[in-house]
2 protein chains.
Amino acid sequence: MIDTTHPLDRALALSPLAPDRFAGATDPAWANMVGPYGGITAAALLQAALVHPARLGDPVALTANFAAPVADGPFEIEARAVRTNRATQHWTMAMTQAATAADGPVATATAVFGVRRPSWAAQEEHVPEMPAFETVPPAQGPVPIEWPRRYAMRFVRGEWVDFDAPATGAENSESLLWLRDAPARPLDFASLAAMCDVFYPRVFRRLHRFVPAGTISITVHFHAGADALAEHGDAPVIARAHGLRYVGGFYDQRAELWDPAGRLLATSQQSVYFKG
Amino acid sequence: MIDTTHPLDRALALSPLAPDRFAGATDPAWANMVGPYGGITAAALLQAALVHPARLGDPVALTANFAAPVADGPFEIEARAVRTNRATQHWTMAMTQAATAADGPVATATAVFGVRRPSWAAQEEHVPEMPAFETVPPAQGPVPIEWPRRYAMRFVRGEWVDFDAPATGAENSESLLWLRDAPARPLDFASLAAMCDVFYPRVFRRLHRFVPAGTISITVHFHAGADALAEHGDAPVIARAHGLRYVGGFYDQRAELWDPAGRLLATSQQSVYFKG
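Here we summarise the structure given alongside this text. What you see is a predicted model; the values in this text were computed from it and never measured.

About the cut-offs
Residues numbered from 1 in each chain as written. Chains lettered and ligands numbered in written order. Predicted model: local features only at pLDDT ≥ 70, side-chain atom pairs only at ≥ 80, totals over all residues. Heavy atoms only, no water. Buried < 20%, exposed > 50% of the residue type's maximum accessible area, 1.4 Å probe, protein only. Helix = DSSP H or I, 4+ residues; strand = E, 2+ residues; numbered from the N terminus. Pairing = 2+ DSSP bridges. Contact = heavy atoms within 4.5 Å. Buried area = accessible area lost by both parts, 1.4 Å probe. Salt bridge = Lys/Arg side-chain N within 4 Å of Asp/Glu carboxyl O. Least-squares fit on C-alpha atoms with pLDDT ≥ 70 in both.

Observations concerning the pairing of strand β5 (residues 88–96) of chain A
All names here are of chain A.
Here is step 1 of the chain: Among the nine residues that make up β5, seven are buried, leaving the element largely enclosed by the rest of the structure.
Here is step 2 of the chain: The pairing of strand β4 (residues 74–84) with β5 spans eight bridges and is classified as antiparallel. Across the sheet, the residue bridging to A81 is W91, located in β5.
Here is step 3 of the chain: Hairpin geometry of β4 and β5 is characterised by an intervening segment of three residues between the two adjacent antiparallel strands.
Here is step 4 of the chain: Where β5 lies against strand β6 (residues 107–114), eight bridges are found, and the strand directions are antiparallel.

Some points on the interface of chain B and chain A
Here is step 1 of the chain: Listed by partner, the interface residues are 66 residues for chain B and 66 residues for chain A.
Here is step 2 of the chain: Of the roughly 5,800 Å² buried between chain B and chain A, counting both surfaces, carbon and sulfur atoms make up 53%.
Here is step 3 of the chain: Considering only the surface of chain B that becomes buried against chain A, R83, W120 and E124 of chain B emerge as the three largest contributors, covering 15% of it.
Here is step 4 of the chain: The tally of links from chain B across to chain A stands at four salt bridges.

Side note on the pattern of salt bridges
Residue and element names in this part refer to chain A.
Here is step 1 of the chain: Under the counting rule described, the total for this entry stands at 28 salt bridges over all chains.
Here is step 2 of the chain: Ionic pairing is found between R149 and E146, a salt bridge with its closest N-O pair at 3.4 Å.
Here is step 3 of the chain: The class for R149 is partly exposed, based on a relative accessible area of 44%.
Here is step 4 of the chain: Residue classification places E146 among the partly exposed residues on the basis of a relative accessible area of 26%.
Here is step 5 of the chain: Close ionic contact of D259 with R263 constitutes a salt bridge, the shortest N to O distance being 2.7 Å.

Some thoughts on the relation of the copies chain B and chain A
Here is step 1 of the chain: In the superposition of chain B on chain A (RMSD 0.0 Å, axial shift 0.0 Å), the rotation amounts to 180°. The relationship between the two copies is best expressed as a two-fold rotation axis.
Here is step 2 of the chain: The fraction of interface residues of chain B whose copies in chain A are also interface residues reaches 100%, indicating that both copies meet through the same surface.

Some words on the environment of A230 of chain B
Here is step 1 of the chain: By the secondary structure assignment, A230 of chain B is in helix α5 (residues 226–232).
Here is step 2 of the chain: Counting along the chain gives 156 residues from A230 of chain B to P74 of chain B, while the straight-line C-alpha distance between them is 31 Å.

Concerning the pairing of strand β2 (residues 21–25) of chain B
Residue and element names in this part refer to chain B.
Here is step 1 of the chain: Of the two faces of β2, the one lined by F22 and G24 is fully buried and the one lined by R21, A23 and A25 carries no buried residue.
Here is step 2 of the chain: Two strands pair when backbone bridges link them, and strand β1 (residues 15–18) and β2 are joined in this way by three bridges, in the antiparallel orientation. Residue pairing across strands places A18 opposite R21, the latter belonging to β2.
Here is step 3 of the chain: Taken together, β1 and the strand that follows it, β2, pair antiparallel across an intervening segment of two residues, in which D20 is found at a positive phi of about 70°.
Here is step 4 of the chain: Here β2 runs beside strand β4 (residues 74–84); their pairing, made up of five bridges, is antiparallel. Bridge pairing links G24 to F75 in β4.

Now the structure itself:
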């Protein structure tokens, strides 16, 4: 029998174990250099709230903290709705793995869900000028890493750094690309959260060499509601990221994701540890 | 006896109750329209980790979620170091109040602490051109609210909205100001966290009218280490914020805080609920 499940759905499959507890497992399709891609871990933490029977509304804000390497294999997620109001709900999540449970969670998260309703609307963060998706050649990710193959990436600026090419001395770490799940899949809150971590470490671009680097905390603020996501379907998104300050072995990075019509779908900020 | 404690230190005074549990109380000096200023609540949550005996390193990332109005009076904060690594430590915090404890926490938070060490350093987010602090007139906050009096604010752009003046039809919500505790106080991690929430709701600027609005989640990424803060002392900081997208009754806002030499001290992103 051939498993025709989309790799994202496979990585996000959670089984209820007990009230507020879910079982899942890492998927080799999402392997990073060590353990799984951080974006899929953040998405799994969100997924536990999304599939929880107590869920109210849709995600508005998510913060995932990466406490330790996630080992390949099974994990458990505890997801608790710690406060439910009329129109908002507050979640705390923690991912543990049996072998390291005594040391604490491998990841923690909080999320705020909310009931969206019609309001005054405006956008200040404008979408950059983009060539049509079809006209931008797809980029090959670095060969030895698996997870970038789960995305179609078409870079307009700031493509994967070729460490073998001469350094450009770039003083700006911006990447701008067309981005879509590969194979294409209708956008939802979990896939949107995963996409916010898609940008390779900005410090690679600035130093033009590989250095150990890993996200320690990522925050995603969602602008698209369920209706907007349904309307979006499996269209590509416009994705941009840049670093702000690198100091003391940490840096931060902001990201924005727009739909093809230029509507902001999500904004993100992450803090990254690096050695270099 | 006259209490000469700085109002910020008074609001952040926590007494150990039990392992991982601290008692505190709101302070009238920080009153907002309902309950205390959100920035002081975020700072109190961080403070519980800062004063915790298990603390390792200094704050790198903080997310505080505002789950319910904080009532004037006593509160408790539970702060747990859920994972301690060699150079990073992961915290979860929750603030509860006796009268509403059955409904869950009034605020939750996560923080990542880290040991900063020398590394390659660079900055991409440049400080805007600023007139000297002394040359910018201080702004009066809206009279009926107490907490803005805890800050010296000198606006270069985007000052407090005067709802009685004609609407400007601004399509940009940016505020840029010199900012300092009032009275002046040496900058530390808690005061820096509090400052990240200092910007009045961006939606006031865009709609030019008062609408109910409240932060539901704020994330702060710290760039200044303990040495940089000690060097900074009680100098003013340069603070900027703008909204990104307003839709479905929520919007997000980003903020940057620099020292007078233009070094980024902290970056922040918050998600705000509004009715309008």
